[in-house]
Number of protein chains: 2
Amino acid sequence: MKRSSAEGAPVTLKTIAAELGVSVTTVARALKDGDRISPETIRQVRETAERLGYVRNLEGAKLRTGKSLVLMALLDFTEEEEIGDSGAVRLLNGFHKTLAGTDFALRAVPALLGEQPFDRLRDVVRGRQADGVIMDLTRPQDERVKYLLEVGFPFVTYGRTELFSEHPWFDIDNEYAAWQGTDALLRDGCRRIALIDGDMRYTYVRQRLRGYLRALREHGIEPDPALQHHALLAADVARAAAGPMLDRGADGFVCLNEVTFLGARAGVRDRIGDDVGRIGFALRSGTRIGKYVATRLHASHVSNVESGRVLATLLLKRIAGADVKECQQLARPTLITTENGVLLHGS
Amino acid sequence: MKRSSAEGAPVTLKTIAAELGVSVTTVARALKDGDRISPETIRQVRETAERLGYVRNLEGAKLRTGKSLVLMALLDFTEEEEIGDSGAVRLLNGFHKTLAGTDFALRAVPALLGEQPFDRLRDVVRGRQADGVIMDLTRPQDERVKYLLEVGFPFVTYGRTELFSEHPWFDIDNEYAAWQGTDALLRDGCRRIALIDGDMRYTYVRQRLRGYLRALREHGIEPDPALQHHALLAADVARAAAGPMLDRGADGFVCLNEVTFLGARAGVRDRIGDDVGRIGFALRSGTRIGKYVATRLHASHVSNVESGRVLATLLLKRIAGADVKECQQLARPTLITTENGVLLHGS
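What you see is a predicted model, and the numbers here were worked out from it, not measured in a lab.

*Asks:* Is there a simple way to explain the sheet that holds strand 10 (residues 296-301) of chain A in this structure?
*Replies:* The strands making up a sheet associate through backbone hydrogen bonding, with each pair oriented either parallel or antiparallel. All names here are of chain A. Spatially, 7-6-8-9-10-12-13 is the arrangement adopted by the seven strands of the open sheet, whose pairing is mixed. Two strands close off the open sheet at either side, each with one partner strand: strand 7 (228-230) and strand 13 (342-345). Pairwise comparison of adjacent strand axes, ignoring direction, gives a mean angle of 20° for this sheet. Where strand 12 (residues 334-339) lies against strand 13, three bridges are found, and the strand directions are antiparallel. Within strand 13, the residue paired with Glu339 across the bridge is Val342. Along the sheet, helix 8 (residues 174-187) makes contact with strand 6 (193-197), strand 8 (252-255), strand 9 (280-285), strand 10 and strand 12, crossing strand 9 at roughly 160°. Packed onto the sheet, helix 10 (residues 235-247) meets strand 6, strand 7 and strand 8 and runs at close to 160° relative to strand 6.

In structure tokens, the structure reads:
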């Protein structure tokens, strides 16, 4: 028996055909759909392909179709070195799970601070570096979206725009999430609720602000601008912001995510030590962090892995030609309340 | 002025040459090293390339050289949905920072549970899907390393093997890290120190066990196997393990990383509530987590981003033909001690 040529020249359809004394067309058909080939030949071809270490070479398909068979994810791989990430690894896991059975490879590129994400995107389109793009940090009038719509390049945004033109997106219902967290703290008796959130240039941050304000007004509370902090998503930034808000009477904090929550809680502890227990916290989470902290915590939960799955699925649908309206999906978070790591509400 | 053809056919050297009425060779030289081209022509060519939206097409270089210009990272993108990641996003950031100025693109692939990483690797080599590989979860007799050495495929492992054959690697001094954490807890007065660590199939876990045992023996303490737990790196697994160890008198915990530490601490709190403050903790960290938790904590710190930078740099060196001994690097962690989020020692 010929040994695997993994260490030599790549095994091609021709190698398998020569080994079995059949035509290359027969081998190709046997490996593909088995059309007009006997079951015995199919078995022989597949066995030989396996034994010789044949790997389907996608280069031919790429040349024929002009496709790169690459999907690109331009993601906010946070620079945060203080604590953890904001879910990018779990999103990537979701992408990979979805693409596992396809010919597409994923290339994840961090949207680094200081870099112009638009330039990067233009290079991807001009250089035909990918067949589709997933991107986050979506803005209301997103230049990237306008550009991709204009050139007809497939994409899905994580987050919505306020553009009149329809485009593919997946989003968490951020207005609802912030409303839900604020409402839960109000029901706990908090009256001076602070908001520690992201950069207002992004759509989701504006949506969150709307939800927060709505919950306050529903409870007859006039919002105080001094209790609203919008900045970069960094634990140390949230920590620095929390103290002054506490001085202004804050008795509850609605935080964007795990990183800002841990930062805010550290900032509160800096001021009042173990009395941190009398301050309420809420956040939007992609993890079960509430089970691991002593604080009482309301988490608006959506799985990051599931979000990644949906984003990749929508992009594949769009590339396959699905209507744009079928490539839009909103996920509503569920409320999970924990206290000292014990589950009180939700699952 | 001709407008950018971003939306039409790709701009090539030929497009620029036609626009300026010069030869393709002149354009190529002007964009490359400017050899034998006047400064004025160089300026004109580069300006025109920029205006027309020229993007260097690497496909030609790939065909000429037979290279994929892809580096693949086969990484433990943990399935952990309980809390956070174990540093993969920060590693990726380090890779990307290093590759930013090169022609190489990075493809990160999660080593998913249940998948045979060896099969994946063989496909990469046979299908010429990458020019080099970075991989973690390194084992003492690592089959992947043996295979890649045999076929002469460039790689760097994150973690060391116990193979006689030299190969490129980057590693954190894990024996030292575990010794350092255990020693710090012993100096705090702990006497029944438990170890909550990873799967013993991996080299770094064995190295950590050695460091832990050495520290105990240096202080004249006989190790108790009932205080050693080796399993998957999951917060809920660590949490379940901590309680029974506490019942056996554990007064300190040496944890592998952020995820296991948060799990172990939650497990201790499950048993003794706020008395968790009398239990000591140590971990190996890639973050500043100690600044955000109320516990006294000894962290053996190495930056994940920096680790990523070194791994990518070593792989590039190896691909460029550097001697294997120049592609090996050990990072020694520094001890950072915090209490209630306040820095006591380290930086």
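*Asks:* Is there a simple way to explain the pairing of strand 2 (residues 105-110) of chain B in this structure?
*Replies:* Residues in a regular strand project their side chains so that they alternate between the two faces of the sheet. Residue and element names in this part refer to chain B. Among the six residues of strand 2, six are classified as buried, and the element is accordingly described as predominantly covered. Pairing between strand 1 (residues 70-75) and strand 2: six bridges, direction parallel. Bridging across to strand 2, Leu75 finds its partner in Pro110.

*Asks:* Would you explain the sheet that holds strand 1 (residues 70-75) of chain A in this entry?
*Replies:* All names here are of chain A. Here six strands make up an open sheet; going across it, the order is 2-1-3-4-5-11 and the pairing parallel. Looking along the sheet, the strands with just one partner apiece sit at the ends: strand 2 (105-110) and strand 11 (328-331). With strand direction ignored, the average angle separating the axes of adjacent strands in the sheet is 15°. Strands strand 1, strand 3 (132-135), strand 4 (155-158), strand 5 (169-172) and strand 11 of the sheet are contacted by helix 12 (residues 304-319), whose axis makes an angle of about 155° with strand 4.

*Asks:* Sorry if this is basic, but what is going on with the side chain of Ser307 of chain B here?
*Replies:* Residue and element names in this part refer to chain B. Following the sequence through the fold, Ser307 ends up in helix 12 (residues 304-319). On the basis of relative accessibility, which here comes to 0%, the residue Ser307 falls in the buried class. If sequence neighbours within four positions are ignored, Ser307 has contacts with Leu91, Tyr158, Phe170, Ile172 and Val302.

*Asks:* Even after reading the chapter, I still don't get the pattern of salt bridges, so can you show me in this structure?
*Replies:* Oppositely charged side chains can pair when the atoms bearing their charge come close. Here the structure, examined in full by the defined rule, presents 40 salt bridges over all chains. A salt bridge links Glu166 of chain A to Lys325 of chain A; its shortest N-O distance comes to 3.5 Å. Placement of the pair is Glu166 of chain A in the loop between strand 4 and strand 5 and Lys325 of chain A in the loop between helix 12 and strand 11, with a sequence separation of 159 residues. For Glu166 of chain A, a relative accessible area of 39% gives the class partly exposed. For Arg208 of chain B, the salt bridge is made with Asp197 of chain B, and the minimal N-O distance between the two is 2.6 Å. Of this pair, Arg208 of chain B sits in helix 9 (residues 203-218) while Asp197 of chain B is found in strand 6 (residues 193-197), placing the two residues eleven residues apart along the sequence. Overall, the relative accessible area of 1% leaves Arg208 of chain B in the buried class. When its relative accessible area of 1% is taken as the criterion, Asp197 of chain B is described as buried. Salt bridges here are not isolated pairs; linked through shared partners, they connect Glu175, Arg210, Arg214 and Glu218 of chain A.

About the cut-offs
Residues numbered from 1 in each chain as written. Chains lettered and ligands numbered in written order. Predicted model: local features only at pLDDT ≥ 70, side-chain atom pairs only at ≥ 80, totals over all residues. Heavy atoms only, no water. Pairing = 2+ DSSP bridges. Helix = DSSP H or I, 4+ residues; strand = E, 2+ residues; numbered from the N terminus. Axes fitted to C-alpha atoms, helices over the stretch in contact; angles between N-to-C directions. Contact = heavy atoms within 4.5 Å. Buried < 20%, exposed > 50% of the residue type's maximum accessible area, 1.4 Å probe, protein only. Salt bridge = Lys/Arg side-chain N within 4 Å of Asp/Glu carboxyl O.

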